[in-house]
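Commentary on secondary and tertiary structure
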Amino acid sequence: MNWVAWKMLTGDRTKYLGIVFGVAFGSVLIAHQTSIFVSLMRRTVSQIIDVADADVWVMNENVQSVDELRPLPDTEVSVVRGVPGVAWAVGLYKGMVTARQPNGLHRQLILMGLDDSSLVGAPREMLYGSLADLRQPDAVIIDKAGYSYLFPNQPYQLGRTLEMNDRRAVIVGICKASPPFQTFPILFARYNVARQYAPRDRNFLSFVLVKMMPGTEPAKLCQQIQQRSGRVALTTSQFAWMTVWYYIKSTGIPINFGITVALGFIVGTAIAGQTFYLFTIENLKQFGNLKAMGVTNLRIIQMILLQAVVVGVLGYSIGIGMSAMFFEVTKDVTHLAGFQTPWQVALMTAVAVGFIVVLSSVLSIRKVLVLEPAVVFR
Amino acid sequence: MRIVAPLVEPAIAVSCRGITRDFGDGDTRIRVLHGIDLDIPLGEITLLVGPSGCGKTTLISIVCGLLEPTGGDITLFGESHQSLRGTRLVQFRGKNIGFVFQQYNLLPALTAAENAALPLIIAGMPRRQAVSKARETLETVGLGNRADSKPSQLSGGQQQRVAIARALVHEPRLLVCDEPTAALDAQSGQTVMELLRRVAVHPDRAVLVVTHDNRVFEYGDRIVSMTDGRIEKIETRAQRIAVRSEPAAEPIANELLSVNRVFGSVDHVA
Ligand SMILES: Nc1ncnc2c1ncn2[C@@H]1O[C@H](COP(=O)(O)OP(=O)(O)OP(=O)(O)O)[C@@H](O)[C@H]1O
Ligand SMILES: [Mg+2]
């Protein structure tokens, strides 16, 4: 009878493709919208995650996210260094500065000041120039997307200059950096160079980055740092989640986007479920006919589930494929760079599509089971 | 040596006693069948006729075990309907009953041969074997050359012949046809009925045909007339011929269309 179920499903090519594409379209909506949302939220923490070497971030107790900072005195670095379990600790500056381009235009930039000797927090992949060039006077490295903002449609060229806080900065390198949530260019400089570019303030230090000794308990270390310094110490993932939640709570963007995701999800499931449900309902009479001819309810359920699985698997694969292909094709578009369908989203979409297809088949199976076989005469 | 007693009456395939059936609940409850007593003999075509809404379809649904009666007893080939429940009933039906419907009810995705093979496949026969047996049956209904056509490529009359092949392929002991000619033109209707007479009638099979179509009355061995959920009259072929030869009688078809008028005073002929 599986063969009959297969024939019923695929007998009408157009209808069959229609159902599979209904489910595929539903999967695309779910996977694509969720992927964009997740990728966007990931951007809020890209600068935390890019600093791969740090295990613990120490910051001012009033810090709410990686983009809402309160400075610390430089002396905090040595306080943290004194805590047992700390392998090393270095300072990191992160702030917004205004740069003047040679053509007189002003731009807001994200400025990262890296520990002068270790350069912890430096970009991991250089496209032009080298990290070592940061040691030159007034040297800065800019991210590729930022370069395109500042110098649109111009070839990548080192040696260009910017002016910040009346100080000259020379671009000595172009790097790859994860795009930030606010799509500002990112400049990297040594800590003491960055200090000259930023507006004068009593304190300058944004974070103390900590590497743990092997075998140290992160939670315990954070607690000890907090006790010793009176500051907040968070592991990288705690800090990242704090930032994500800050964005979700304090800005409208994730909420609005969340609504779009929810709509994509609802519309997607509705389409996927509806198409399959209608398919079975349309076949109700055929199933009734088979029941009259001696097919048991158990067999009927098997047939419908087989159809559901075929439709679900095919539709889902096409849908996820289309979503992944979208991000593959757009990976060089700055606004979508780094966007992807993470496996968690793929899995969640699979669960959602599986759930909805099974739900709609259960609903339609119920109809088939309560179907008076006498309908065959109507 | 077995001694078989000569049958005076034909052997009975289905026997109904006091069948009632209600639809609806409470105030909207209506009784559609009011105590039906009916025997359907083997080796004959029994026609079930009567005005629309009199309960013909309800009665045959109950006879086939597709619908539960509200009251009364049915015996199908010696098995009481009470002993046939659930999966056992479904399998009993699959094995012993063939169906022909007004709208043919072929699966559009399957070819004629595959459709005709369904009862065998349902019974568990391997597909190849079932389809090849179905081809033979299609030969007997004159469609050997259309075995690989889809229903949409066949005329209504041809589809109904495929349906007859499907209903007979597993050699059931009861063939039930609901309005098999209603969707067909006169010519195709005749063909279908001739086919039923020729291939369906078998000493070990009962054929029950519900019809409105007075053109097919002549194909029945007995005609059961229903009105308002009751059997009004049962007439054998011999009795009809006798009526026809009476000088004053109107043509048979008209008589049967207006059973109330002509036979209103006649009692049940059981
Ligand atoms: N499932 C149901 N629910 C309620 N009433 C029903 C149901 N099935 C049939 N009936 C009623 O039972 C009566 C008999 O219906 P049935 O279909 O048996 O008539 P019929 O003799 O086959 O008519 P036709 O010649 O038009 O096919 C009708 O009044 C119909 O409305
Ligand atoms: Mg009817």
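It should be emphasised that the depicted structure is a prediction, and the values quoted were computed from it without experimental measurement.

Let us look at helix α5 (residues 156-168) of chain B. The end-to-end C-alpha separation of α5(B) is 18 Å, in line with the 18 Å expected for 13 residues at 1.5 Å each. Listed as buried for α5(B) are B:G157, B:Q158, B:Q159, B:Q160, B:R161, B:V162, B:A163, B:I164, B:A165, B:R166, B:A167 and B:L168. In this structure, the buried side of α5(B) is in contact with α10 (284-292) of chain A together with β6 (97-100), α3 (112-122), α4 (127-140), β7 (174-178) and α6 (186-200) of chain B.

To continue, consider the side chain of A:E76. Residue and element names in this part refer to chain A. If you trace the backbone, E76 turns up in helix α4 (residues 76-81). A polar side-chain atom of E76 sits 3.0 Å from a polar atom in the side chain of R231. If sequence neighbours within four positions are ignored, E76 has contacts with L205, V208, S229 and R231.

What follows is about the environment of A:D116. Residues and elements named next belong to chain A. By secondary structure assignment, the location of D116 is in the loop between β3 (106-114) and β4 (125-128). You can call D116 partly exposed: its relative accessible area is 21%. For the pair D116 and F188, spaced 72 residues apart in the sequence, the C-alpha separation amounts to 11 Å.

Residue and element names in this part refer to chain B. Reading across the sheet, the four strands line up as β2-β1-β4-β5 and stay open at both edges, with antiparallel pairing between neighbours. For this open sheet the edge positions go to β2 (30-41) and β5 (79-80), each flanked by a neighbour on one side alone. Across nine bridges, the pairing between strand β1 (residues 12-23) and β2 is antiparallel. In the sheet register, F23 faces β2, and the bridge partner there is I30. The strands touched by helix α1 (residues 56-63) within the sheet are β1, β2 and β4 (71-76), with β2 carrying the most contacts at an inclination of about 60 degrees.

With that settled, the discussion passes to the site of ligand 1. In the vicinity of ligand 1, the contacting residues are A:R378, B:F23, B:V32, B:S52, B:G53, B:C54, B:G55, B:K56, B:T57, B:T58, B:E179 and B:H212. Positioned at a junction of chains, ligand 1 has nearby residues supplied by chains A and B. Side-chain polar atom of B:S52 to an oxygen atom of ligand 1: 2.4 Å apart, as the coordinates give it. A distance of 3.3 Å is found between an oxygen atom of ligand 1 and a backbone nitrogen or oxygen belonging to B:C54.

Below, the discussion takes up the interface of chain A and chain B. In this assembly, 23 residues from chain A lie in contact with 27 residues from chain B. When the two sides are added together, the surface that chain A and chain B hide from each other amounts to roughly 2300 Å², 69% of it contributed by carbon and sulfur. Counting every contact that joins chain A to chain B gives zero salt bridges. Between chain A and chain B we count three residue pairs in polar contact (both at pLDDT 80 or more) in total. Among the elements of the structure, α1 (2-10) and α10 of chain A are those that each provide at least two residues to the side of chain A that touches chain B. Here the element with the most residues in the side of chain A that touches chain B is α10(A); it accounts for six residues.

What follows is about the confidence of the model for chain B. All names here are of chain B. On average, residues of chain B score 85 in pLDDT, and 86% of them reach the 70 mark or higher. Segment residues 248-270: pLDDT under 50, and 31 contacts once partners within four positions in sequence are set aside and those in other chains are kept. Interface scoring of the predicted complex returns ipTM 0.82; its pTM is 0.74.

With that out of the way, let us pick up the nonpolar core. A:L290, B:L138 and B:L175 are the most contacted members of the largest nonpolar core, which totals 81 residues. If sequence neighbours within four positions are ignored, A:L290 has contacts with A:M1, A:M8, A:V295, A:I300, A:M303, B:L107, B:L118 and B:I122. In terms of nonpolar packing, the next biggest core, distinct from the first, is built from 42 residues, A:W57, A:L209, A:V261 and A:F327 among them.

Moving on: the sheet that holds strand β8 (residues 206-210) of chain B. All names here are of chain B. Spatial strand order, β6-β7-β8-β3-β9-β10: six strands in an open sheet with mixed pairing. Where the open sheet ends on each side, the last strands, each with one partner, are β6 and β10 (230-236). Across the sheet, the mean angle separating the axes of adjacent strands is 20 degrees when strand polarity is ignored. The pairing of β7 with β8 spans five bridges and is classified as parallel. Bridge assignment links L174 to a residue of β8, and that residue is A206. The strands touched by α5 are β6 and β7; relative to β6, the strand with the most contacts, the crossing angle is about 170 degrees.

Moving on, we come to the packing of helix α9 (residues 252-282) of chain A against helix α11 (residues 297-329) of chain A. Residue and element names in this part refer to chain A. Remark: α9 packs on α11, axes separated minimally by 11 Å, with the N-to-C direction vectors making an angle of 145 degrees. Here the hand of the crossing between α9 and α11 comes out right-handed. Here F276, F279 and T280 of α9 lie close against α11, whose contacting residues are I304, Q307, A308 and V311. Split by residue class, the contact of α9 with α11 holds five nonpolar, two polar and no charged.

In this section: the packing of α10(A) against helix α12 (residues 343-370) of chain A. Residue and element names in this part refer to chain A. Here α10 crosses α12 at 45 degrees, and the two axes come no closer than 10 Å. Comparing the axis directions of α10 and α12 gives the class oblique. As α10 runs across α12, the sense of the crossing is right-handed. Judged by residue contacts, L284, F287 and K291 of α10 engage K367, V368 and L369 from α12.

Parameters at a glance
Residues numbered from 1 in each chain as written. Chains lettered and ligands numbered in written order. Predicted model: local features only at pLDDT ≥ 70, side-chain atom pairs only at ≥ 80, totals over all residues. Heavy atoms only, no water. Helix = DSSP H or I, 4+ residues; strand = E, 2+ residues; numbered from the N terminus. Expected span 1.5 Å × (residues − 1). Buried < 20%, exposed > 50% of the residue type's maximum accessible area, 1.4 Å probe, protein only. Contact = heavy atoms within 4.5 Å. Polar contact = N/O pair within 3.5 Å; in protein donor to acceptor, adjacent residues only side chain to side chain. Pairing = 2+ DSSP bridges. Axes fitted to C-alpha atoms, helices over the stretch in contact; angles between N-to-C directions. Near = heavy atom within 4 Å. Buried area = accessible area lost by both parts, 1.4 Å probe. Salt bridge = Lys/Arg side-chain N within 4 Å of Asp/Glu carboxyl O. pLDDT = per-residue confidence, 0-100. Core = buried A, V, L, I, M, F, W, Y, C linked by side-chain atoms within 4.5 Å. Left-handed = near helix turned anticlockwise from the far one by under 90°. Nonpolar A, V, L, I, M, F, W, Y, C, P; charged D, E, K, R; others polar. Parallel < 35°, antiparallel > 145°, perpendicular 65-115°, else oblique.

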